[in-house]
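# Residue-level structure breakdown
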Amino acid sequence: MYTKWQIEEYLTRINYTGDLTISKDTLDALIYAHQCGVPFENLDVYDFHREILLDEDSLFEKIVTRRRGGYCFETNGFFCRMLQSVGFDARPCLCRVMFGLQYPRENLIDHRATIVFLDGQRYFCEAGIGGAMPPGALQLPPEIKISEQGERQTPDDTLPGAGEQLRSMGTDCPEGCWQEMRGEYFCVRTIEQNWYGTIRKVNVSRDIYDDPMDRRERLEVMFCDAAAHEIDFTALNYFLSQSDQSMFRQKRVVNIRTPEGYRALTNRTYREVIHGRRTERELPSEEIPLTLKEKFGIEICENLRKNK
């Protein structure tokens, strides 16, 4: 758990000036401030081939003291621990980044996020992937069980009055309910037993990345609501940060949300969305350090890997 001083330093790092009341509003504000203040970046993995440390002190030193970002196991891991330190009932969850893939078998478990329990509801919190992720806590629908015949069932839908029971529990976000957040729309759908998907309405003019299938809705991330623990990410982190088969070792990826849209750097390609208008250009290698500093707040002294 982080100390009061460390919490205050983190809040300064993300320019958060609100209170820390344990509420949905506070949770939304912290997620948004983190997305705008801490970039997703894999420079230590791709450019420098460093070991990625996930202990509390190493994460604080990198993200707060050195004002760097990190990839998902760093940024979301740090954010989950910070939420716990503030007083939220938060725990990590295993995820698959889908980015338009349709079936779980198409990608390995390669990501982590956070589930928060608050006022009798569960919320999916994504603060560490960059790009067009929910800028707030995404409410989960009631738990759905999958029968052997593949039919979906709520926990007590075989009992009389099941619908009234769900309403009495205060559930106001059924399966597939679209939730509006800062002008964007997201929902949660059950994919398979214990696995949910975050679905985003695609807006081509506002998206930082192209969707080759030109869809109106896209499965972005799958996440599991089964209990997970910090030790579960040790082997995943080692493979994804050290193996040449890992996407993070194959290309440079830097993303951050801004109040006006998004910024992204993929190898030497810089993209920016401002109020729904996207621009894109290839950067010469010598311009990348300055772009990292001015656009993402990352100061790098070492030489970056050369991209073609």
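Here is a short report on the structure shown in this document. (Residues numbered from 1 in each chain as written. Predicted model: local features only at pLDDT ≥ 70, side-chain atom pairs only at ≥ 80, totals over all residues. Heavy atoms only, no water.)

## Here's the deal with the packing of helix α1 (residues 4–13) against helix α4 (residues 56–65)
Relative orientation of the contacting elements α1 and α4 amounts to 30°, with a least axis distance of 10 Å. By the angle between their axes, α1 is roughly parallel relative to α4. At the point where α1 passes α4, the crossing takes the left-handed sense. Contact residues: W5, Q6, E9, Y10 and R13 in α1; D57, F60, I63 and V64 in α4. Across the contact of α1 with α4, the residue classes tally to five nonpolar, one polar and three charged. (Axes fitted to C-alpha atoms, helices over the stretch in contact; angles between N-to-C directions. Helix = DSSP H or I, 4+ residues; strand = E, 2+ residues; numbered from the N terminus. Parallel < 35°, antiparallel > 145°, perpendicular 65-115°, else oblique. Left-handed = near helix turned anticlockwise from the far one by under 90°. Contact = heavy atoms within 4.5 Å. Nonpolar A, V, L, I, M, F, W, Y, C, P; charged D, E, K, R; others polar.)

## Focus: the side chain of R268
For R268, the location among the structural elements is in the loop between β13 (261–266) and β14 (269–274). Look at R268: it is buried, it has no salt bridge, and the nearest opposite charge is E282 at 4.2 Å. Polar side-chain contacts of R268 include one of 2.6 Å to the backbone oxygen of L283. (Buried < 20%, exposed > 50% of the residue type's maximum accessible area, 1.4 Å probe, protein only. Lys, Arg positive; Asp, Glu negative; His and termini not counted. Salt bridge = Lys/Arg side-chain N within 4 Å of Asp/Glu carboxyl O. Polar contact = N/O pair within 3.5 Å; in protein donor to acceptor, adjacent residues only side chain to side chain.)

## Quick word on the packing of helix α2 (residues 24–37) against helix α5 (residues 72–86)
Relative to each other, α2 and α5 sit at 150°, their axes nearing to 12 Å. The angle between α2 and α5 places the two elements in the roughly antiparallel class. Relative to α5, the crossing made by α2 is right-handed. Residues L27, L30, I31 and H34 of α2 lie in contact with α5, whose contacting residues are T75, F78, F79 and L83. Of the residues assigned to the contact of α2 with α5, the class counts are six nonpolar, two polar and no charged.

## Considerations on the pairing of strand β4 (residues 121–125)
When you tally the buried positions in β4, you get five out of five residues, the bulk of the element. Side chains Q121, Y123 and C125 project from β4 onto one buried face, and the interleaved R122 and F124 project onto a second face that is buried too. Judged from the five bridges that link them, strand β3 (residues 111–118) and β4 form a sheet pairing that is antiparallel. Note on β4: the bridge partner recorded for V116 is Y123. Between β3 and β4, which follow one another and run antiparallel, lie two residues, and D119 among them has a positive phi close to 50°. By the bridge criterion, two bridges tie β4 to strand β5 (residues 138–139) in an arrangement that is antiparallel. (Pairing = 2+ DSSP bridges.)

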